[in-house]
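Observations on chain architecture
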Amino acid sequence: MKKIAVTGGAGYIGSHTCIELIANGYEILVIDNLSNSSREALDRVEKISGSKIDFFKVDLRDEEDLEKIFQSNKIDAVIHFAGLKAVGESTEFPLMYYDNNVAGSVILFKVMDKYNVRNIVFSSSATVYGDPESVPIKENFPLKPYNPYGMTKKMVEDILEDLYKSDNRWNTALLRYFNPVGAHQSGLIGEDPNGIPNNLTPYITQVAVGKLKELSVYGNDYKTKDGTGVRDFIHVVDLAIGHVKAIEKINQNPGLFACNLGTGKGYSVLDMVNAFEKASGRKIPYKISDRRPGDIAECYADPSFALEFLNWKAELDIKEMAEDGWNWQSKNPDGYGKSKKD
């Protein structure tokens, strides 16, 4: 297995995964509509990796343009990141999420099937578990997402499961990952959200760099060690390596499997604030706000199956997550800047 198509490869996790794929000897091509990503990210991936990347600015819902890519390239596998990913936005605009994330995936799978490409790693999410009855979360826990974003991830998982049942030539990894943070050690690529960040760590770093006034901590009355929500934060480079391990496993024709990618440790919101204060040497002001509807007290993975099945485990800790995240933000206070939409 040599050539990998990476949908959404210009995004946060996609761009880091491109670096790890190239480092492990894979050829890649990237398909991205740049709706929430930057061409500049891929330019920087090329700089870090020393490799040229074939890039196609295509929306997955454009079946004709997608077919042209598969016609003109011998693709062995697909890593499918492309999708909208803001939980709050998905609640406000559910049709947009179902159209983009589910309909776009269906068209991708149709084209893959037509061109006999039946190896796929799907970027799923721990949101498919909803509010778990206990932690740590195992892969066999019930799937009961509680927002449209999580529903779209579960729907795509269901579609891929039905595809495998109908044709066992499909080899499919459903990677359910937890809360990616940090950035590449070079500081050249990192998380660059549109507008006000939805995720905790880019919000923290933008407060630290002076772009935002203060952090809102939603709830300090959960049954956790400091009252704030606890999540399984995982370094994005560890996550990227997990995708390389999944491609290696798919090369062995394993059929369909689901796998958590997390550290197995829970860090609170205030743990992350403290870690970033140490990394940046700056005070990060915050205020306590009311809980958000749908937020849960704690969520972290049981990563034992990933170690057993993929020979993968997270290696980088909260200190490195904070240091690398701050390194990216301090070197790029405006993210990818004017080039973001190019």
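Read on for a plain summary of the structure. What you are looking at is a predicted structure, and each value in this text was computed from that prediction instead of being measured.

Enumeration according to the criterion identifies 4 aromatic pairs in this entry. Here phenylalanine 257 and phenylalanine 309 contribute two aromatic rings whose centre-to-centre distance is 4.8 Å and whose plane-to-plane angle is 65°, an arrangement assigned as edge-to-face. Highlighted residues: phenylalanine 257 in strand 11 (residues 256-261) and phenylalanine 309 in helix 10 (residues 304-310), separated in sequence by 52 residues. By relative accessible area, which is 23% here, phenylalanine 309 ends up partly exposed. The rings of Phe257, Phe305 and Phe309 are connected pair by pair, giving a single aromatic cluster. The cationic tip of lysine 249 hangs over the ring face of phenylalanine 309; the distance from NZ or CZ to the ring centre is 4.3 Å. Positioned above the aromatic ring of tyrosine 222 is the side chain of arginine 291, whose terminal nitrogen or guanidinium carbon lies 4.0 Å from the ring centre.

Turning our eyes to something else, we now look at the sheet that holds strand 11. Taken together, the 7 strands give an open sheet; going across it, the order is 3-2-1-4-5-6-11, and neighbouring strands pair in parallel fashion. The sheet is open, and its two edges are formed by strand 3 (54-56) and strand 11, each paired on a single side. Strand-to-strand twist in this sheet, taken as the mean axis angle between neighbours without regard to direction, amounts to 20°. Relative to strand 2 (residues 27-31), helix 1 (residues 12-23) is tilted by about 165°, and along the sheet it contacts strand 1 (3-7), strand 2, strand 4 (77-80) and strand 6 (171-177).

It is worth spelling out the packing of helix 1 against helix 2 (residues 39-49) at this point. It is at 10 Å that the axes of helix 1 and helix 2 come closest, and there the two elements cross at 25°. As far as their axial angle goes, helix 2 and helix 1 are roughly parallel. The handedness of the crossing between helix 1 and helix 2 is right-handed. Taking contact as the criterion, the partners of Ser15, Cys18, Ile19 and Ile22 in helix 1 are, on helix 2, Val45, Ile48 and Ser49.

The next point concerns the packing of helix 7 (residues 200-208) against helix 9 (residues 269-280). Two elements in contact, helix 7 and helix 9, have axes separated by 10 Å at closest approach and are oriented at 40°. Our classification of the angle between helix 7 and helix 9 gives oblique. When the axes of helix 7 and helix 9 are compared, the crossing they make is right-handed. Between helix 7 and helix 9, the residues in contact are Leu200, Thr201, Ile204, Thr205 and Ala208 and Val269, Met272, Val273, Phe276 and Ser280, respectively. Of the residues in the contact of helix 7 with helix 9, the class split is 7 nonpolar, 3 polar and no charged.

Turning our attention to the nonpolar core. Membership of the largest hydrophobic core comes to 42 residues, with the highest contact counts inside it found for Ile4, Val6, Leu21, Ile28, Val121 and Leu175. Examining the composition of this core, we find that 7 residues originate from one element, helix 8 (residues 236-250), more than from any other. Here valine 121 is in contact with Val78, Ile79, His80, Ala173, Leu175, His243, Ala246, Ile247 and Ile250, once residues within four sequence places are set aside. In terms of nonpolar packing, the next biggest core, distinct from the first, is built from 24 residues, Ile31, Leu66, Ile120 and Leu174 among them.

A few words now on helix 11 (residues 318-331). With 14 residues, helix 11 extends 20 Å between its outermost C-alpha atoms, agreeing within 8% with the 20 Å of an ideal straight helix rising 1.5 Å per residue. Buried residues of helix 11: Ile318, Met321, Ala322, Asp324, Gly325, Trp326, Asn327, Trp328 and Gln329, and no others. Those residues of helix 11 that are buried are in contact with helix 2, strand 7 (179-181), helix 7, strand 10 (233-235), strand 12 (267-268) and helix 9. Its side-chain oxygen 3.2 Å from the backbone nitrogen of lysine 319, aspartate 317 forms the N-cap of helix 11.

Conventions and cut-offs
Residues numbered from 1 in each chain as written. Predicted model: local features only at pLDDT ≥ 70, side-chain atom pairs only at ≥ 80, totals over all residues. Heavy atoms only, no water. Phe/Tyr/Trp six-rings, centres within 6.5 Å; stacked < 30°, edge-to-face > 60°. Helix = DSSP H or I, 4+ residues; strand = E, 2+ residues; numbered from the N terminus. Buried < 20%, exposed > 50% of the residue type's maximum accessible area, 1.4 Å probe, protein only. Lys NZ or Arg CZ within 6 Å of the ring centre and 35° of its normal. Pairing = 2+ DSSP bridges. Axes fitted to C-alpha atoms, helices over the stretch in contact; angles between N-to-C directions. Contact = heavy atoms within 4.5 Å. Parallel < 35°, antiparallel > 145°, perpendicular 65-115°, else oblique. Left-handed = near helix turned anticlockwise from the far one by under 90°. Nonpolar A, V, L, I, M, F, W, Y, C, P; charged D, E, K, R; others polar. Core = buried A, V, L, I, M, F, W, Y, C linked by side-chain atoms within 4.5 Å. Expected span 1.5 Å × (residues − 1). Polar contact = N/O pair within 3.5 Å; in protein donor to acceptor, adjacent residues only side chain to side chain.

All quantities given are derived from atomic positions and should not be read as evidence of function.
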